[in-house]
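Each chain is listed here by its residues.
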Amino acid sequence: MEYLIPLAIFAALGILAGVLLTVASKVFAVEVDERVDAIAEALPQANCGACGFSGCADYADAIVNKGAECNLCRPGGEAAAKKIAEIMGVEVTAAEPQVAFVRCSGDCSHTPHKYDFDGIQSCAACNRFYDGSKLCTSGCLGYGDCIKVCSQGAISIVDGIAVIDKAKCMGCGLCAKACPNGLIAVRRISQAVDICCSSRDVGRVTRSVCPNGCIGCKLCEKNCPSGAVTVQNNHAVIDYDKCTNCGKCAEVCRVHAIRSIMGEKVEVQ
Amino acid sequence: MSYILILIGCVFVNNVVLSQFMGICPFLGVSKQMKSSVGMGAAVIFVMICATAITYPVYRLLEHFGIEYLKTVAFILVIAMFVQLVEIVMKKMMPPLYKALGVYLPLITTNCAVLGVTIGNIDNGYNFLQSLTNALGTGLAFTLALLLFSGVRARIENCDFPETFKGVPATLIAASIVSLSFMGFSGII
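Residues numbered from 1 in each chain as written. Chains lettered and ligands numbered in written order. Predicted model: local features only at pLDDT ≥ 70, side-chain atom pairs only at ≥ 80, totals over all residues. Heavy atoms only, no water.

A few points about the interface of chain A and chain B
Listed per partner, the contact involves 15 residues of chain A and 19 residues of chain B. With both sides pooled, the region where chain A packs onto chain B buries about 1600 Å², and carbon together with sulfur makes up 88% of that total. By the criterion of area lost to chain B, the three top residues of chain A are A:Phe10, A:Leu21 and A:Phe28, representing 35% of everything that side buries. Put simply, chain A and chain B have zero salt bridges between them. Joining chain A to chain B, the criterion identifies zero residue pairs in polar contact (both at pLDDT 80 or more). Split by residue class, the side of chain A that touches chain B holds 13 nonpolar, two polar and no charged. (Contact = heavy atoms within 4.5 Å. Buried area = accessible area lost by both parts, 1.4 Å probe. Salt bridge = Lys/Arg side-chain N within 4 Å of Asp/Glu carboxyl O. Polar contact = N/O pair within 3.5 Å; in protein donor to acceptor, adjacent residues only side chain to side chain. Nonpolar A, V, L, I, M, F, W, Y, C, P; charged D, E, K, R; others polar.)

So this is what it looks like as structure tokens:
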């Protein structure tokens, strides 16, 4: 008897639990679209957030239930977009791979510091003190806030400024969001010309702090055959919809603020 | 008066994490961000109170048949079943709450802190209301420890540690110092 009672009680407890859970899972069943799981599997699970959703699972859910586009995944690129389109049964044009680019060339040998920064070693913290430790108020501070958010290890600090390894970069744009000076731009990988400066100061001021800074001289604007370059706020801006990668602007730029990477070999992952 | 004493005792003097060293695993695992530690804390408070409410009658049942020695097994069974049930119901009825607590609920199903509270209630001979107060206090204590420590960890992130101490070692050292600070409360009740 002293064995039977505990056995009976526990058997009753177990059966009660089992029955309760089974009934509950039937009564409160939530229908899950199996396409969500399939899409989540097709995504690279980098959870980078470049698609604009809070992770791969959330993006998969948004594709099925909220009608999000199939080609928003940057790390997954063409392959993921095709797979997702297959699952959803729609046609898709894959997005071209993108890379991030640091629009600053004021490294240690070109742009001096105005004070020694000894606080928390982050760009955001440094930027709070008198617009950063560099003489150029819009220059790369080199404390690596972008490195901290990069999941691919594509960014390194070389001679005081951030340099992005194009072969590793997957164009998620997290670094662009992390940079307190907004120096990092994400553009399509086929675009070969970019501006290595973000200064909006007048030419005289820019010139005094960095020999590589854009002084807004408008030579590029005058020489561009397709009218893609315009100077706005003392700073050259390239309209990539018009740019033909001719490299003319880079040729005429006297301060080498506009640079063409046409000659460089770009390896795509 | 005894209820207030139980609450203060739980939160400060016998802090479940920092003095009794229960629930260390979520304490180290979920304290990386303030936001997730609040979610975890809320889930723990909820589960502890419910677990106490449900294990109290179960213990009375076991007591009636004179098999109190089986309370650990019975409690684990009942708590696990109950948390599962809550999860299923919540997924259907309250999706926002499920999303907020969802990840943490199954994590604490068989957490030692939850079991510790329910067994502690029995060992201390609390009545039903006192047990509920104890559960609430312990849940609050867990949340407090988690919140404090997530703040400490945020500071650690910005520190320039030697390479060998980065990550887990620095976290464990910080945890021991936080625990040490709670020794200051010992003996005030």
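Here's the deal with the UniProt feature "binding site: [4Fe-4S] cluster 2" (unreviewed entry) in chain A
All names here are of chain A. Feature annotation in UniProt assigns "binding site: [4Fe-4S] cluster 2" (unreviewed entry) to the following positions: Cys136, Cys140, Cys146 and Cys179. Every residue in contact with cysteine 140, bar those within four places of it in the chain, is listed here: Cys104, Lys134, Gly160, Ile161, Ala162 and Leu183. Among the structural elements, cysteine 146 can be located in helix α6 (residues 145-149). (UniProt positions renumbered as here; feature names shortened; annotations may be inferred. Helix = DSSP H or I, 4+ residues; strand = E, 2+ residues; numbered from the N terminus.)

A few points about the nonpolar core
Core analysis: the biggest nonpolar cluster contains 50 residues, and B:Phe27, B:Met40 and B:Phe75 have the highest contact counts within it. Of all the secondary-structure elements, those providing two or more residues to this core are α1 (4-27) of chain A together with α3 (34-64), α4 (71-93), α6 (104-107), α7 (112-123), α8 (128-157) and α9 (168-182) of chain B. Top contributing element to this core by residue count: α3(B), with 10 residues. In this structure, B:Phe27 is in contact with B:Val17, B:Leu18, B:Phe142, B:Ala145, B:Leu146, B:Phe149 and B:Ala175, ignoring residues within four places of it in sequence. A:Ile195, A:Cys197, A:Tyr240 and A:Ala250 belong to the second largest nonpolar core, which has 18 residues in total. (Core = buried A, V, L, I, M, F, W, Y, C linked by side-chain atoms within 4.5 Å. Buried < 20%, exposed > 50% of the residue type's maximum accessible area, 1.4 Å probe, protein only.)

Here's the deal with α8(B)
When the terminal C-alpha atoms of α8(B) are compared, their 43 Å separation across 30 residues agrees well with the 44 Å that a helix rising 1.5 Å per residue should span. Here α8(B) starts with a cap whose side-chain oxygen sits 3.2 Å from the backbone nitrogen of B:Leu129, and that cap is B:Asn127. (Expected span 1.5 Å × (residues − 1).)

Some remarks on the packing of aromatic side chains
Per the stated rule, a full pass over the model turns up eight aromatic pairs over all chains. Feature note: the residues A:Phe117, A:Phe129 and A:Tyr143 constitute an aromatic cluster, connected by ring pairs. Across from the ring centre of A:Phe101, 5.0 Å away, lies the NZ or CZ of A:Arg187, which sits over that ring. The aromatic ring of B:Tyr56 is capped on one face by B:Arg60, whose charged end is 4.6 Å from the ring centroid. (Phe/Tyr/Trp six-rings, centres within 6.5 Å; stacked < 30°, edge-to-face > 60°. Lys NZ or Arg CZ within 6 Å of the ring centre and 35° of its normal.)

With respect to the side chain of A:Ser199
Residues and elements named next belong to chain A. Among the secondary structure elements, serine 199 is positioned in the loop between β5 (193-195) and α8 (203-209). A relative accessible area of 1% places serine 199 in the buried class. A polar side-chain atom of serine 199 sits 3.3 Å from the main-chain amide nitrogen of aspartate 201. A polar atom in the side chain of serine 199 sits 3.1 Å from the side chain of threonine 206. When residues no more than four places from it in sequence are discounted, the contact partners of serine 199 are Ser138, Thr206, Asn234 and His235.

Some remarks on the packing of α3(B) against α7(B)
Residues and elements named next belong to chain B. Two numbers describe how α3 lies on α7: the axes approach to 9 Å, and their chain directions differ by 45 degrees. Relative to α7, α3 is oriented oblique. The two elements α3 and α7 meet at a crossing, and its hand is right-handed. Judged by residue contacts, Val47, Met48, Ala51, Thr52, Thr55 and Tyr59 of α3 engage Ala113, Val114, Val117, Thr118, Asn121 and Ile122 from α7. Here the residues of the contact of α3 with α7 are counted per class, giving eight nonpolar, four polar and no charged. (Axes fitted to C-alpha atoms, helices over the stretch in contact; angles between N-to-C directions. Parallel < 35°, antiparallel > 145°, perpendicular 65-115°, else oblique. Left-handed = near helix turned anticlockwise from the far one by under 90°.)

Overview of a nonpolar patch on the surface
Judged by side-chain polarity, B:Met1, B:Ile4, B:Leu5, B:Ile8, B:Phe12, B:Ile188 and B:Ile189 come together as a nonpolar surface patch covering roughly 690 Å² of accessible area. The residue B:Phe12 is located in helix α1 (residues 2-13) in this model. (Patch = residues over 30% accessible without salt bridge, like charges linked within 9 Å, V, L, I, M, F, W, Y side chains within 5 Å. Areas by Shrake-Rupley, 256 points an atom, 1.4 Å probe, with all protein chains shown as cover.)

Digging into the state of the cysteines
Note: disulfide means a covalent bond formed between the sulfur atoms of two cysteine side chains. All names here are of chain A. According to the stated counting rule, one finds zero disulfides over all chains in the structure shown. Left without a disulfide partner, cysteine 179 is nearest to the cysteine sulfur of cysteine 123, which lies 6.5 Å away. Cysteine 246 takes part in no disulfide bond, and the closest cysteine sulfur to it belongs to cysteine 224, at a distance of 5.8 Å. (Disulfide = S-S within 2.5 Å.)

Some points on the UniProt feature "transmembrane region" (unreviewed entry) in chain B
Residue and element names in this part refer to chain B. Those places that UniProt annotates as "transmembrane region" (unreviewed entry) correspond, in this numbering, to residues 6-30, 37-57, 69-89, 101-122, 128-149 and 170-188. Overall, residues 37-57 shows 100% helix and 0% strand. The separation of its end C-alpha atoms is 31 Å. In residues 170-188, the share of helix is 68% and the share of strand is 0%. The end C-alpha atoms are 30 Å apart.

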